Every structure is written in structure tokens, then in C-alpha cells.
Amino acid sequence: MLTRRLFLAATVALATLVSSPAWADEPELPTVDSLLNAFETNLNFETRSATMTMTVASPRRTREYSMTTFGRGADESTIEYLSPARERGTRYLRKGEEMWMYLPSVERVQKISGHMLRQGMAGSDVSYEDMTSTTEWQDAYDGVLVGQEVWDERPHWRVELTAKTSDITYAKRVILVDVETLIPSHQELYALSGLMVKTWDMSDVRPLEDGRHYPFRMRIEDKLKEGSYTEIVTTELVLGVELEEEVFSLRWLERG
Amino acid sequence: MWIFKLALRNVRRNGRRTALTAATVIIGVALFTVASAFLVGVFENIYADSTALIGHVRVVDPDFLEREQLNPLYEYVPDAQAIADDIEQNVPGSHAYPIIKSGMAVSVDDTIGDVFAITTGSTDAWMRDRGTLEDKLVAGGWPDWDAGEMLVGQRIAQMAGLEVGSQIVLFGQTQDGAISPVGGTIAGIVYAGNPMVDKQVFMSLATMQYAADIDDGALEVLIYGDDVDNAEALADQISGLASVTDLVVEPWTQRSPFDSMVGITAAMQAVIGLILVFITALAIWNTMTMSVLERTSEIGVMRAMGLGRAQAVLMFVAEAVVIAVIGGVIGMALGSLLSWPLVHWGYNIGSDVLDDMDVGEMAMSAQLYAKLTPDMLFKGFFVGLTMAIAGSFIPSLRAASIRPVDAMKGGH
């Protein structure tokens, strides 16, 4: 799901608030496992809906998309494009690591698999694989907490993760985790060759009514596409919405 | 003149040797004719079929040219139809068509499949007049392009299990790289015997423009003149138009792989000719040397009677030329006869071979035909003459070096 990390950030922030508001004042040195545990634990949110805009910029032109998303837990989510007209009615369904899309122009549901997973969603810097890949990083990576550094004028933990096997999409991740909110403000994603292929930044972190922090803006840059970036801004977020079972089914995908 | 009469008499004197020499020439000329006919036929078919699909000249964006291997849809020619119209109006005898080609995945069920097709979107006129797809229909009929109907190559139809009337969904990309689906109905199946047609899906330009999200644009504007061999002159004319100022005008002869292939035909013909001349000349040299040895005494007498060295050389060369003329004519006839089945029925290398080959923009058919022209026959005849002169020259020099006294003594 496109906003998986966004929710990760939000739930991590919630966990931070609930567990220890003292992070900012007296930062203790956490273990990598505890940081990754926080990620995984806090992904298990209840339900939510959001409205977002996605700006996809390239040296040639800039396009803007608006969409609504629904999510339940870490493994179920949907996206529906509202605009532009060309994309309106295009829907995505993610269940675990599987993903389908409904294409209104051909009235067809297609499973996204194989090489298609590596393509950017709507030509953006976010690949389908980014959206479906598991965030169970403890299983996939060996981690080292390198230390603390300042990012965007705030203290961050610097965590370096190295993939345990070569079939992981990103062989290495460098993550700067906000000491206070535990939001991964900045990520650098590396290929097996050592080439940095993407950066993934989360910003505009605001406290929500229920006390959790939430990054309302994400910026993803595919370093292999010169001059391109994708910015996703959450314009409306509702947590704890009631969602029918059918929302996360192929039937919903087809009928809307 | 008397030298030629003497040469003719010598040709008739030893029929067996003459027949042997002539047979060498006949085989050489016939082999050259068959090899040339097949070579020229195959290459000319490739050029003709390819240029029908890729145009004699094309107009593209310079950045597209740089990254053509990646088929960058964003490097398109804007207002392509307007440019095509401008070219047709200002370059007499030219016909121009906007076209977009792009790879797409053919969906077989609810999963984006592994069957890939090159999809071509262009005008109805291009499909009919240049692609000659109407002639290649093996099932169904001509599409109503505006209704989203399409033509599909037979190979793709087989791989994706498509029939006339089947609904087809193709997944391509927009110029920004987003998945872009296109749906349609198969109106007809075409077969040309080459992957440039048989592994393609053909749709309207508007459908392709929508799929690639490039309004009014095209990746290429293809231009056709009266004669494919005048492509470079046509390109020069088009280059002078204001509408193509910022674009690249490229004749097919400068496009890969044709830029390197055009000279190959002539070079291969030359190599075949040289090899045959060498081998046949050796055989002629052998028989002519025997002839000189047998007639040493006679040559001595003639030299004593005033036959000059040059005349002696001329006599033997003339004898070889007479044999070469006879052998050449028969060789041409034999070569034509042997080429005939290849010209009319061709030779099929099997479509499986082409499936495994990356033929790129080459429209290479599995059925290969030879092409026999008068020009080729004359070349064969000339090769025969060259064989004879080359083969007889050294023995002739040997004959000319015979001293009359030595010859009449029985040695030389």
C-alpha cells in the first residue's frame, strides 16, 4: 500500500507517546531490534481512511493525482484515484504481498505480478513492490545502530540495515529515525551493487487528536530517474473508520 | 584475326580437354549465378519488406534517436500529423504517416501475461498502403479502427490464444511510465511470415496516442518516396522544411542495422566471385598448362615461322576466352535453371529460427526467395571470362617463352 510507511510512522509515533514521552529529553540508546519492533508493532493499526494528493514530477512535466485510501491493519489497503480524468476510477487492492488493480477503461481486474511490480505506480517513484514488500525487516535485515545525527534540525537515530539474502529488493537501508517521534524521517535505499536507488523522506509531522504523530508529507526520489520526484500529501485522515468486509475484496475492486 | 581462327581450331582439336575446361567454367558461372541470386534475393526482400514498415525516411526527435533502444515515449514528435501534411504538400511524390510503436504485454487472463507484442498505431492509410495488411489477412476482416478494433499477428494470436472476435487487453506504458491498458476486439489476424508483422498488434493512431498519453504526437513520422533507393535525396528535400528544423531526418540506409547491411550484399557477392574465380582459374590453369606442354613442338615451329611472344600469349588467351564464352553461356543457362526453384518457391528456414533471432527492425521472412536479374547473369558471364583469362595467362606466358630451337630439339 502506498501509505504503508506513512501508517508505520503514525503508529510508531503513537507507540512513542504511549510508552515513553521521555525520548526527546533523555534519549537512551535503543537497540536496533527495539526500533524495528516498534515499526512492526505499530503497523498493526485498526482502520483508517485518507485523502491524498500525489505529485509526480519529472524534468518534462508534472502531474497531480488525488486519491482516497482505506486501510485495515498492516496487510489490507485500497486506493482509488479521483483525478485526473484519465485515472479516475482506477483502484488498487493490496492484501499481504499480493496486489490487484481495476482498470475502468477496460473494465478489468488485473493482478500485478512479475516484472510489473518494479514499475512506478502511475509513473511515480513509488513502485508496486515498494507498496507490497513486507516491512518485517527483522527477518529480512541485519541491523546496526550507528549512532545519532541531526536531520532537519532534529536528533535522529541512524540505523543501517543489510539484507540477509540477495533476493531482497533493497540490499541496504539507511534509516534516520526521529528520536522523539520514532518516525523514519529519511531513508536511503541501496541496490546490491551499492548504488543508492531511492530516498524516502517523511515530513510535516503533526500531532493528531488522539495524541499520535503523523507525517502528512512524503517525498520519494528515484535516483535512477534524473530530476524526478514524487510527493504525497495527506489532506485528510480519519482513523478508526468503520469498514465493511467487502472493501478489501476483489468484488469491491471491480464494483467500487 | 588469324590468331582467333587458330584459337578456334585448337579448341576443336582436343575435345575432351576443351570439355573439361568448359565444364569448369560452366560450374563456376552457374554457382556464382545461384549464389548471387539467392544472396541478392534475400537481402532485397529484407530491404523491401523492412522499408515498407519503417519508411524510406523518418523524422524523429533527436533525443529519441539517442535512446531509441529504450523506446522513450516521452521523446515524441509533437503535432506529428501537421508535420506529415507539411511534408506531403512540399515534397512532391512523398507520402507521410505518423506512427507510434511500443512494446505491450498481452493479457491472457486476469494476470498480466508473459506474451509480449510490439504494438503499432498509425493511420488506416499506412495500414493499407504501406503495411499492406489487407493482403496479409488470413482470418477475419478489416478493422473499424474508431470502434477499437485491432489486427493481430498470427504468432501473437497463437501465443495468447486469440481468435477473430476475441477481446484483447494490452498493457503498455504512458510516456511517464505508468501502466496503461488498452482494450479492443480482434477484427482480423495477419500473417506475413516475418516477426515484424506476425508478432505485432496493430491499432489506430488515436488508440496508441491515448495509451502512451501523447496527444497529437507520434514517435516517428515515416515518409515514403517513389523509389526506396532515392531515400537519401528524399531526406535532403525534407530536411529543408521549416517544420522539421529541430528534428532528425534519417533515411533508412542510415538506420541500424541497415547502415551496415547495405554494403554487405555487394561485398559478399565480390567475395563469392573471387573465391569461384580463384578455384576455377586453378582448374583452367591446369588444363591450359597441359595444353602448352603437349604442343611445345608445334609452338616452337610457329615461333620459328615468326610468331611473336605477344601473339603466342594472345593465342592461348584467345583459346581460353572462346572456351569461357561457350562455358559462360551454358553456365548462365544452368545457373538460371538451378535458381528457378529458389526464385519461384523459395527456401523456408522455419519460423522457429526467426523466433530465436533478434531481427530488430528487419522484416526477415522465414521463406527466403532468390532474385535473378540480367545484370546478375552478365556478372556471372564476366566472372567466367575472368576465370579463363586468369587461368590461361601463366601457361600462355610459358608458351611465349619457348625458344624455337629448344622446342624443335624436343626440350624447352
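Note that the structure is predicted; figures quoted are calculated from it, not measured. (Residues numbered from 1 in each chain as written. Chains lettered and ligands numbered in written order. Predicted model: local features only at pLDDT ≥ 70, side-chain atom pairs only at ≥ 80, totals over all residues. Heavy atoms only, no water.)

### So, the overall build of chain B
A tally of regular secondary structure across chain B gives 15 helices and 12 strands. A buried classification covers 52% of the 412 residues belonging to chain B. Across chain B, every contact between residues at least 6 apart in sequence was considered, and the portion connecting residues at least 24 apart equals 78%. Within the structure as shown, chain B displays about 18200 Å² of accessible surface, and the carbon and sulfur contribution to it stands at 59%. (Helix = DSSP H or I, 4+ residues; strand = E, 2+ residues; numbered from the N terminus. Buried < 20%, exposed > 50% of the residue type's maximum accessible area, 1.4 Å probe, protein only. Contact = heavy atoms within 4.5 Å. Areas by Shrake-Rupley, 256 points an atom, 1.4 Å probe, with all protein chains shown as cover.)

### So, the overall build of chain A
Helix and strand content of chain A: five helices and 13 strands. Buried positions account for 55% of the 256 residues belonging to chain A. Long-range pairs, those at least 24 residues apart, make up 51% of the contacts in chain A with a sequence separation of at least 6. In the form shown here, chain A has an accessible surface area of approximately 11300 Å², with 47% of it arising from carbon and sulfur atoms.

### As for helix H2 (residues 15-54) of chain B
At 3.6 residues per turn, the α-helix brings residues three or four places apart onto the same side. Across its 40 residues, H2 of chain B extends 57 Å between first and last C-alpha, which sits within 8% of the 58 Å expected from 1.5 Å per residue. With its phi angle positive at about 85°, Gly55 of chain B sits one or two positions after the end of H2 of chain B. (Expected span 1.5 Å × (residues − 1).)

### Comments concerning the pattern of salt bridges
Overall, the coordinates contain 29 salt bridges over all chains when judged by the stated rule. Here Arg154 of chain A and Glu180 of chain A are joined by a salt bridge, their closest N and O atoms 2.8 Å apart. Of the two residues, Arg154 of chain A is situated in strand E8 (residues 154-163) and Glu180 of chain A in the loop between strand E9 (172-178) and strand E10 (184-190); the sequence distance between them amounts to 26 residues. Classification of Arg154 of chain A by relative accessible area gives partly exposed; the value is 31%. Lys379 of chain B is the salt-bridge partner of Asp375 of chain B, the closest N and O atoms lying 3.9 Å from each other. With a gap of four residues between them, Asp375 of chain B and Lys379 of chain B both fall in helix H14 (residues 374-400), about one helical turn apart. Accessibility expressed as a relative area gives 47% for Asp375 of chain B, which makes it partly exposed. (Salt bridge = Lys/Arg side-chain N within 4 Å of Asp/Glu carboxyl O.)

### A look at the pairing of strand E11 (residues 196-207) of chain A
Residues and elements named next belong to chain A. Examined bridge by bridge, E10 and E11 share five bridges and lie antiparallel to one another. The partner of Glu188 across the bridge, within E11, is Thr199. Connecting the antiparallel pair E10 and E11 is a turn made up of five residues, with Gly194 showing a positive phi of about 95°. Looking at chain direction, E11 and strand E12 (residues 213-222) are connected through nine bridges and run antiparallel. Bridge pairing in E12 links Lys198 to Asp222. (Pairing = 2+ DSSP bridges.)

### Comments concerning the nonpolar core
Nonpolar side chains tend to gather and get buried jointly when the protein is soluble and globular. One finds Ile87, Val221 and Ile238 of chain B to be the most contacted residues of the largest nonpolar core, which totals 73 residues. When residues of this core are assigned to their parent elements, the largest contribution, seven residues, is made by H2 of chain B. Each of two domains, domain 1 (2-50 + 260-409) and domain 2 (57-224) of chain B, supplies a minimum of three residues to this core. In contact with Val221 of chain B, not counting residues within four places along its chain, are Val57, Arg58, Val59, Val77, Ala80, Ile83, Ala84, Ile87, Ala96, Tyr97 and Pro98 of chain B. Of all hydrophobic cores here, the second largest spans 53 residues; its members include Leu145 and Ile232 of chain A together with Phe171 and Ile179 of chain B. (Core = buried A, V, L, I, M, F, W, Y, C linked by side-chain atoms within 4.5 Å. Domains from an automatic or database assignment.)

### Some details on the interface of chain B and chain A
In this complex, chain B contributes 24 residues to the contact, which on the side of chain A involves 20 residues. Summing both sides of the interface, chain B and chain A together bury roughly 2000 Å²; the carbon and sulfur share of this comes to 51%. In this assembly, chain B and chain A are joined by four salt bridges. In this structure, the salt-bridge partner of Asp176 of chain B is Arg63 of chain A, at a minimum N-O distance of 3.0 Å. Along the contact surface separating chain B from chain A lie seven residue pairs in polar contact (both at pLDDT 80 or more). (Buried area = accessible area lost by both parts, 1.4 Å probe. Polar contact = N/O pair within 3.5 Å; in protein donor to acceptor, adjacent residues only side chain to side chain.)

### So, the packing of H2 of chain B against H14 of chain B
Residues and elements named next belong to chain B. Put simply, H2 and H14 touch, their axes get as near as 9 Å, and they point 145° apart. In the crossing of H2 with H14, the sense of the turn from one axis to the other is right-handed. Only Met376, Leu377, Lys379, Gly380, Phe381, Val383, Gly384 and Met387 of H14 make contact with H2, whose side of the interface consists of Val25, Gly28, Val29, Phe32, Thr33, Ser36, Ala37 and Val40. By residue class, the composition of the contact of H2 with H14 is 10 nonpolar, five polar and one charged. (Axes fitted to C-alpha atoms, helices over the stretch in contact; angles between N-to-C directions. Left-handed = near helix turned anticlockwise from the far one by under 90°. Nonpolar A, V, L, I, M, F, W, Y, C, P; charged D, E, K, R; others polar.)

### Details of the confidence of the model for chain A
Averaged over all residues, the pLDDT of chain A equals 81, while 83% of them reach at least 70. Counted against residues more than four places away or in other chains, residues 1-24 of chain A, with its pLDDT under 50, gives 90 contacts. (pLDDT = per-residue confidence, 0-100.)

### Some details on the confidence of the model for chain B
When pLDDT is averaged along chain B, the result is 86, and 93% of the positions lie at 70 or above. Here helix H13 (residues 351-355) of chain B stands out as the element of chain B with the lowest mean pLDDT, 66, in contrast to strand E9 (residues 220-224) of chain B, whose mean of 97 is the highest.

### Here we look at the environment of Pro155 of chain A
With respect to the element layout, Pro155 of chain A can be found in strand E8. Discounting residues that sit within four places of it in the chain, Pro155 of chain A has contacts with Gln148, Glu149, Val177, Asp178 and Val179 of chain A.

### Overview of the side chain of Thr174 of chain B
Along the chain, Thr174 of chain B turns up in the loop between strand E6 (167-173) and strand E7 (179-190). Not counting residues within four places of it along the chain, the set of residues in contact with Thr174 of chain B comprises Arg86 of chain A together with Leu73, Ser180, Ala211, Ala212 and Asp213 of chain B.

### Observations concerning unusual backbone geometry
Following Ser83 of chain A, the chain continues to Pro84 of chain A via a peptide bond in cis, the omega torsion being 5°. Turning to its location among the elements, Pro84 of chain A is positioned in the loop between strand E3 (76-83) and strand E4 (91-95). Positive phi is not limited to glycine here, since Asn71 of chain B has a value of about 45°. Exposure remark for Asn71 of chain B: the relative accessible area of 25% places this residue in the partly exposed category. In this structure, Asp216 of chain B is a non-glycine residue whose phi angle is positive, near 65°. Within the secondary structure, Asp216 of chain B sits in the loop between helix H8 (205-212) and E9. On the basis of relative accessible area, Asp216 of chain B is assigned to the exposed category, the value being 51%.

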